[in-house]
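# Report on the structure
For reference, the chains in residue letters:
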Amino acid sequence: MAQPTPSPFPLPGSAQRYGKVAVVMGGTSAEREVSLMSGGGVLEALLERGIDAHAFDPRDKPIQALRDEGFDRAFLILHGPFGEDGTLQGVLETMGLPYTGCGVMASAIGMDKLRSKLIWRGLGLPVPDFELLDDASDLDAVAARLGLPLFVKPNIEGSSIGVTKVKAVSELRAAYEEARRYDRVVLAEKFVGGGEYSVPILGDAVAGYVVLPAIKIEPATEFYDYQAKYFRDDTVYRCPCLSPEQAARIEPLIEKAFWAIGGRGWGRIDFLMDEAGEPYLLEANTAPGMTSHSLVPMGARAAGMSYEDVVLRILDTTL
Ligand SMILES: Nc1ncnc2c1ncn2[C@@H]1O[C@H](COP(=O)(O)OP(=O)(O)OP(=O)(O)O)[C@@H](O)[C@H]1O
Ligand SMILES: [Mg+2]
């Protein structure tokens, strides 16, 4: 496990070097409620460290109001379209306002499962075998090539919405149609069944990345679906969960995967393990949750960083 390098947490009095900080949270996406919970935690942490931080909800006012209200930087904690997909980042770039996390390109790629996989595969990084489905696909042939069970998912969506684990060829058409409701681009993906993991990462290509301890996700349901993510309390999260040998193999992979999409600031890379212990990259999250139960704070805690430490460290990347 990589030891995070000590971060220059502000000494008393130096909190003003951040100026006036907007915690941009809420918004209008389906993940508004999660964002408000995450943002509440971030705001409290910043205030606790003496920073002049304020909540800013783009549902209630135009994003340009950040300038009118004299903000010096933004801590972005919006999930889903507009907040996480590069569009908001583009607006902030044109305003010249520093913000936390990934820029326009990495945010957009991170949202797009197909493009993420193409980039990773192009670098020789492991991803599960996949195919694109359309109305004309020969579904029997797809199932024969990828094997069963397999996963069908919309390229862009999130929170496991529109995702189906297909166990019989006869279910494949319905699974395709379900995913197609959410996105024109639908993926069929080979099942990887040796465990699901998520790895928080901080930093950037210039200053260096810090890979935090991985979290193993053990849903009580068939897979980590919408219910398991947000409503059930029987999902088990294990952290730390990798042996030192496994961590030594996984950490460079996570770093490369985040670097490849142009990642900076902070994020989470999810991967699956097969029965033989081989990892396969699943997806990148460029605006992860920051509720007290979220995975980034969980990984940070295992590395000896408090919730406030990790929030400050993310904010530091805007200086
Ligand atoms: N190839 C696969 N093999 C095994 N399980 C999979 C596979 N693909 C997806 N899953 C399961 O389905 C869940 C959802 O899939 P995925 O992470 O690709 O989409 P998503 O969760 O909707 O996207 P986001 O994490 O951006 O919200 C995963 O967390 C995992 O439990
Ligand atoms: Mg996912």
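Just above sits the structure.
Residues numbered from 1 in each chain as written. Chains lettered and ligands numbered in written order. Predicted model: local features only at pLDDT ≥ 70, side-chain atom pairs only at ≥ 80, totals over all residues. Heavy atoms only, no water.

Further remarks concern the sheet that holds strand 6 (residues 164–166). Read from one edge of the open sheet, four strands run 4-7-5-6, paired in antiparallel fashion. Edge positions in the sheet fall to strand 4 (130–133) and strand 6, since each of these pairs with one other strand and no more. Each strand of the sheet is rotated relative to its neighbour by a mean of 25°, with strand direction disregarded. The pairing of strand 5 (residues 150–154) with strand 7 (residues 186–190) spans five bridges and is classified as antiparallel. (Pairing = 2+ DSSP bridges. Helix = DSSP H or I, 4+ residues; strand = E, 2+ residues; numbered from the N terminus. Axes fitted to C-alpha atoms, helices over the stretch in contact; angles between N-to-C directions.)

On inspection of all chains with the given rule, the structure shows one cavity of 30 Å³ or more. Of the voids in this model, the largest cavity is the one considered here, and its volume is about 60 Å³. The wall of the largest cavity is formed by Leu-76, Ile-77, Leu-78, Gly-83, Gln-89, Thr-100, Gly-101, Cys-102, Ser-107, Trp-266, Thr-286 and Ala-287. Taken together, the residues that form the lining of the largest cavity break down as six nonpolar, six polar and no charged. (1 Å grid on protein atoms, 1.4 Å probe; cavity = no way out; pocket = protein on both sides within 12 Å on 5 of 7 lines; lining within 4 Å. Points joined across faces, edges and corners; volume = space filled by probe spheres on them. Nonpolar A, V, L, I, M, F, W, Y, C, P; charged D, E, K, R; others polar.)

Inspection of the secondary structure assignment puts Thr-94 in helix 3 (residues 87–95). Sequence separation between Thr-94 and Val-199 is 105 residues, and the spatial gap between their C-alpha atoms is 31 Å.

Attention now goes to the sheet that holds strand 3 (residues 73–77). The strand order 2-1-3 describes an open sheet built from three strands, whose pairing is parallel. Only two strands of the sheet have a single neighbouring strand rather than two, namely strand 2 (52–56) and strand 3. Neighbour-to-neighbour, the strand axes of the sheet open up by a mean angle of 25°, direction not taken into account. By the bridge criterion, five bridges tie strand 1 (residues 20–25) to strand 3 in an arrangement that is parallel. By the bridge assignment, Val-24 is partnered in strand 3 with Leu-76. On the sheet, helix 1 (residues 32–48) packs against strand 1, strand 2 and strand 3 and is oriented at approximately 165° with respect to strand 1. (Contact = heavy atoms within 4.5 Å.)

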